[in-house]
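Residue strings, one per chain:
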Amino acid sequence: MNSTGTGVLGRVAIVGRPNVGKSTLFNRIVGRREAIVEEMPGVTRDRKESEAEVAGARIIVLDTGGLTGESDPLAAGVDRQVHEAIQASDLAILVVDVTVGPTEGDAKVADLLHRSEKPVLVAVNKVDDASREQDIWAFLSLGLGEPFPVSAMHGRGVEDLLDEVVGLLRASRGDTHHEAAGESVGEADERVADGEGRDPREEHEPRVALVGRPNVGKSTLFNRLVGEDRSLVHDMPGTTRDAVDTLLETPRGPVRFVDTAGLRKRSRVDDSTEFYAGLRAREAMRRADVALLVIDATEGVTHQDQNIAEYATDAGCGVVIVLNKWDLVDSEARAELEGEVRERLGFLVGAPILRVSALTGRGVAKVMPAVWSVLDRYRARVNTALVNRVIRVAQARHPAPGGGRVLYATQGAANPPTFTLWSNRRLPRDWLRYLENTLRRELHLEGTPLRLRVRVR
Ligand code: GDP
Ligand code: GDP
């Protein structure tokens, strides 16, 4: 990260060959209508940068327009300057011109970007109306995916592009906020993340919510997990007023257990009515990456366990299932319970299932490794070529009814893995579920929710 300053999410470089509309896009993003852009050939302007508020975040935008006075974008010195601009940023927008189509010059800049290994979005500019939209696919040949049709001049498509910019910056920063719970991540979050003297690294620790019905053994399990070595445990304020989080050092790094106030106390807190406990649990899951769902094995999987599991998935959490009080169930009941888990929690495809006795400590050592294994998948980034290969095979085997087809796909975000699919028309829900399950299986993303965003072209 090269981002500087308080509350700035990241730096974005706008690059591309001359005359594609970089400066126009820059001005559109920073909200400034620069009176005159010098049009004299050969004039080298300074690299310009400006702060901008976009999609609820602050970014710094770098304009490299005007770096190149000549038609060869990689003329003497320009290569280096573009290279420097890319190095100085967290993400690049490659601007290309739909009226011209992909050129040698585009390919040269694309090549620089490939080598930089920074995230790149391709903005296909001058798509002033819908009639040009199908022409954007030609730019897939640049190998940078994600062609976004925009009209820098009229503002068309620029918001979508900026949403993606902010999403990618957040993802690469390891932010765990997600839109799944319908939250929009706004400025307020930025201030919490970067200001007020809090250690920004705090924001990167994986977060776990220990959830389940009352009396299933959450406190007992929690005290087992954190209990042995006090030096490995730190209390810290949670986000809401009376919430306390607990930071637990594990061999793979610290993990933050959210809203643990009620779990640390020996006595039951008086807010443990089922209703209130439910609210708290939902709030905790909204903040968490992984939900550790504790189920009382003596009672089986209840309707309320199912509700919590569904909420966890909706909130975009990975899930680890803990069947607790295993010491109390005989072998017959065990077999029955396993059937119940398959049947009632089957939608948590591939979530680890642990058999534990928090009381005796049996099986507890497996809990944190299971959490980490789900976290790894939750945070996974999958290579675009691989995603497209899996989708191609899936559609060949089982085409979507009604002639729908995914034209191209890419993983737009992690935490949880979020795939953007560009399709020729709307895709049926059932078929998307099939695709989701195929992606999960082929990409080894069991235990984490996947998000599919479909963009119809
Ligand atoms: P740069 O050299 O890449 O910075 O390109 P400029 O921003 O200077 O734009 C080059 C030319 O393309 C100018 O004449 C712009 O008015 C024009 N242009 C920029 N964006 C658009 C657009 O979205 N649609 C159309 N039709 N023209 C555009
Ligand atoms: P919470 O409300 O989910 O936090 O549940 P507690 O941790 O307070 O546990 C509720 C009751 O279940 C207590 O009496 C615990 O001693 C008991 N308990 C918790 N875990 C186990 C277990 O693995 N085996 C047995 N036999 N009892 C347990």
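Everything quoted here is computed from the prediction, not taken from an experiment.

> How should the overall build of the protein chain be read in this particular structure?
Across its full length, the protein chain holds 13 helices and 16 strands. Counting across all 457 residues of the protein chain, residues that qualify as buried make up 52%. A fraction of 72% describes how many contacts in the protein chain between residues 6 or more apart in sequence connect residues 24 or more apart. Per element, the accessible surface of the protein chain, about 21000 Å² overall, is 49% carbon and sulfur.

> Can you help me understand the site of ligand 2 in this one?
Every one of the 16 residues lining ligand 2 counts as a neighbour, but N215, K218, S219, T220 and D327 are closest to it. Note that an oxygen atom of ligand 2 is positioned 3.2 Å from one of the backbone N or O atoms of V216. In the model, an oxygen atom of ligand 2 is placed 3.2 Å from a nitrogen or oxygen of the L359 main chain. The protein chains hide 79% of the 580 Å² of surface that ligand 2 would expose on its own. Considering only residue class, the shell around ligand 2 consists of five nonpolar, six polar and five charged.

> Can you walk me through the environment of G447 in this structure?
For G447, the position within the fold is in the loop between α13 (429–442) and β16 (451–456). Residues G447 and V371, 76 residues apart in the sequence, show an inter-C-alpha distance of 9.8 Å. Not counting the four nearest positions on each side in its chain, G447 is found in contact with G318, V319, V349, G350, A351, V374 and R377.

> Please explain the packing of helix α1 (residues 22–30) against helix α4 (residues 158–172) as it appears in this structure.
Helix packing for two helices is described by the angle between their axes and how far apart those axes are. Two elements in contact, α1 and α4, have axes separated by 12 Å at closest approach and are oriented at 75°. If you check the angle between α1 and α4, you find them roughly perpendicular. Residues L25, R28 and I29 of α1 lie in contact with α4, whose contacting residues are V158, L161 and L162. For the contact of α1 with α4, a count of residues per class yields five nonpolar, no polar and one charged.

> What am I meant to see in the site of ligand 1 here?
The full set close to ligand 1 counts 15 residues, and N19, K22, S23, T24 and D128 are the nearest of them. Here an oxygen atom of ligand 1 sits 2.8 Å away from a polar atom, N or O, in the side chain of K22. Taking M153, its main chain carries an N or O atom lying 3.0 Å from an oxygen atom of ligand 1. Protein coverage of the free-state accessible area of ligand 1, which is 580 Å², stands at 78%. Broken down by class, the residue content of the shell around ligand 1 amounts to four nonpolar, seven polar and four charged.

Conventions we followed
Residues numbered from 1 in each chain as written. Chains lettered and ligands numbered in written order. Predicted model: local features only at pLDDT ≥ 70, side-chain atom pairs only at ≥ 80, totals over all residues. Heavy atoms only, no water. Helix = DSSP H or I, 4+ residues; strand = E, 2+ residues; numbered from the N terminus. Buried < 20%, exposed > 50% of the residue type's maximum accessible area, 1.4 Å probe, protein only. Contact = heavy atoms within 4.5 Å. Areas by Shrake-Rupley, 256 points an atom, 1.4 Å probe, with all protein chains shown as cover. Near = heavy atom within 4 Å. Polar contact = N/O pair within 3.5 Å; in protein donor to acceptor, adjacent residues only side chain to side chain. Nonpolar A, V, L, I, M, F, W, Y, C, P; charged D, E, K, R; others polar. Axes fitted to C-alpha atoms, helices over the stretch in contact; angles between N-to-C directions. Parallel < 35°, antiparallel > 145°, perpendicular 65-115°, else oblique.

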